[in-house]
Amino acid sequence: MIRRTLLCYSHLDNAEASSIACLDTIMANHLVNTSRNGVQNGETFHRFFEQWLVEQNQDLDQLVRASKDNNNHRILSPIIQRVMKHYEEYYTEKSRCANVDVLGMLHPSWRSNLEDAFLWIGGWRPSMAFHLLYSKSGIQLEANLHELIRGFRTGDLGDLSGSQLGQIDELQNKTIREEKKLSENLAKVQESVADTSMVELSNVVSEMMREQRGQVVEEEEEEKIKTNIGKKEEGLLDVLRKADDLRLRTLKDILRILTPIQAVHFLIAAAELHLRIHEWGKKKDASHARQ
């Protein structure tokens, strides 16, 4: 039977250390093999992401000009549609790349450590969109408070109607429920790394390594390792797809509630926050690298 050499601990002090070391090696070996295809995939998405940031900057400039120049629905609506098309393109490409390397999309190397610390299932938390909306609404309300008191309508996010606030609250509650369900699904996938099949497999391989001085694993066991970890990746891919779907749906649903000029202000706030967090995070990483 064909044998493959694995990078593993050559000398094991005891059974417990052997099992832990071997489980680490099993998973690391599979991830290394998977990443060979994922590296090129990741580099491709990284290039796409950098170009997408350029387009987002361009969208931001156009949105800012539109917010100052007019409140004409016929002019604003095409701009909003174009910006949303760019978001759709982002998630379409992300989905395509996730099919090849879901682990790389869950922990993207093109993100800064700052961004990575706030990721939820490989992206922004959908409920954060409501915090963004309320924050921008409060800022604009305070800035135009005197005009509103005098009965003048500003038309921006500080001028949300009671009906709009009710719809936003209902959507927020619905989004949080879906978010919670996905978090629970992710937890189940993560816990499955210690399910019966994985524990049994890690023990079988550990015993085999002890008998053969820790250097080789049979091809049959290699296939079991690949199959078992592959199932975990399938679970992660399913959760990621649903999370990205919720992100895009939340964005679209919020815009449906807002007037065109309010949607423009919301998209401006979203783009500014995303671009500046990315920029600040990259600067922080570069600063730490120089230390």
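Scroll up for the structure.
Every value quoted in this text rests on a predicted model; they were computed, and no experiment measured them. (Residues numbered from 1 in each chain as written. Predicted model: local features only at pLDDT ≥ 70, side-chain atom pairs only at ≥ 80, totals over all residues. Heavy atoms only, no water.)

I would appreciate a short explanation of the packing of aromatic side chains in the present structure.
The geometry of an aromatic ring pair is captured by the separation of the ring centres together with the interplanar angle, meaning the angle of the planes. This structure, assessed with the given rule, holds 7 aromatic pairs. Relative to Trp110, the ring of Phe45 has its centre 5.1 Å away and its plane inclined at 45 degrees; by these criteria the two rings are tilted. Of the two residues, Phe45 is situated in helix 1 (residues 15-69) and Trp110 in the loop between helix 3 (102-106) and helix 4 (113-117); the sequence distance between them amounts to 65 residues. In terms of burial, Phe45 and Trp110 fall into one category: buried. With a centroid separation of 6.4 Å and 55 degrees between ring planes, the pair formed by Phe49 and Tyr90 is classed as tilted. Of this pair, Phe49 sits in helix 1 while Tyr90 sits in helix 2 (residues 73-100), placing them 41 residues apart in sequence. Like Tyr90, Phe49 is buried. Each member of the aromatic cluster is reached from another via a ring pair, and the members are Phe45, Phe48, Phe49, Trp52, Tyr87, Tyr90, Tyr91 and Trp110. (Phe/Tyr/Trp six-rings, centres within 6.5 Å; stacked < 30°, edge-to-face > 60°. Helix = DSSP H or I, 4+ residues; strand = E, 2+ residues; numbered from the N terminus. Buried < 20%, exposed > 50% of the residue type's maximum accessible area, 1.4 Å probe, protein only.)

Help me out: how do you make sense of the side chain of Gln262 in this one?
Among the structural elements, Gln262 can be located in helix 10 (residues 260-290). Here Asp156 takes part through its backbone oxygen, which lies 3.2 Å from a polar atom of the side chain of Gln262. Setting aside anything within four residues of it in sequence, one finds Gln262 in contact with Gly155, Asp156, Leu157, Asp159, Leu160 and Gln164. (Polar contact = N/O pair within 3.5 Å; in protein donor to acceptor, adjacent residues only side chain to side chain. Contact = heavy atoms within 4.5 Å.)

Can you walk me through the packing of helix 8 (residues 196-211) against helix 9 (residues 219-257) in this structure?
It is at 11 Å that the axes of helix 8 and helix 9 come closest, and there the two elements cross at 155 degrees. With respect to helix 9, the axis of helix 8 lies roughly antiparallel. For the pair helix 8 and helix 9, the crossing hand works out as left-handed. Contact with helix 8, carried on its side by Ser197, Met198, Leu201, Val204, Val205 and Met208, involves Glu221, Lys224, Ile225, Asn228, Ile229 and Lys232 of helix 9 and no other residues of that element. Residues belonging to the contact of helix 8 with helix 9 are distributed by class as follows: 7 nonpolar, 2 polar and 3 charged. (Axes fitted to C-alpha atoms, helices over the stretch in contact; angles between N-to-C directions. Parallel < 35°, antiparallel > 145°, perpendicular 65-115°, else oblique. Left-handed = near helix turned anticlockwise from the far one by under 90°. Nonpolar A, V, L, I, M, F, W, Y, C, P; charged D, E, K, R; others polar.)

It is not clear to me how the pattern of salt bridges should be interpreted in this structure. Could you clarify?
Pairs may arise between side chains of opposite charge once their charged atoms sit close together. In this structure the tally under the stated criterion is 15 salt bridges. Glu178 is paired through a salt bridge with Lys174; the nearest N and O atoms lie 2.8 Å apart. One end of the pair is Glu178 and the other is Lys174, both in helix 7 (residues 162-191) and 4 residues apart, which spans about a single turn. For Lys174, a relative accessible area of 35% corresponds to the partly exposed category. In this structure, Arg247 and Asp244 form a salt bridge, with 2.7 Å as the shortest nitrogen-oxygen distance. (Salt bridge = Lys/Arg side-chain N within 4 Å of Asp/Glu carboxyl O.)

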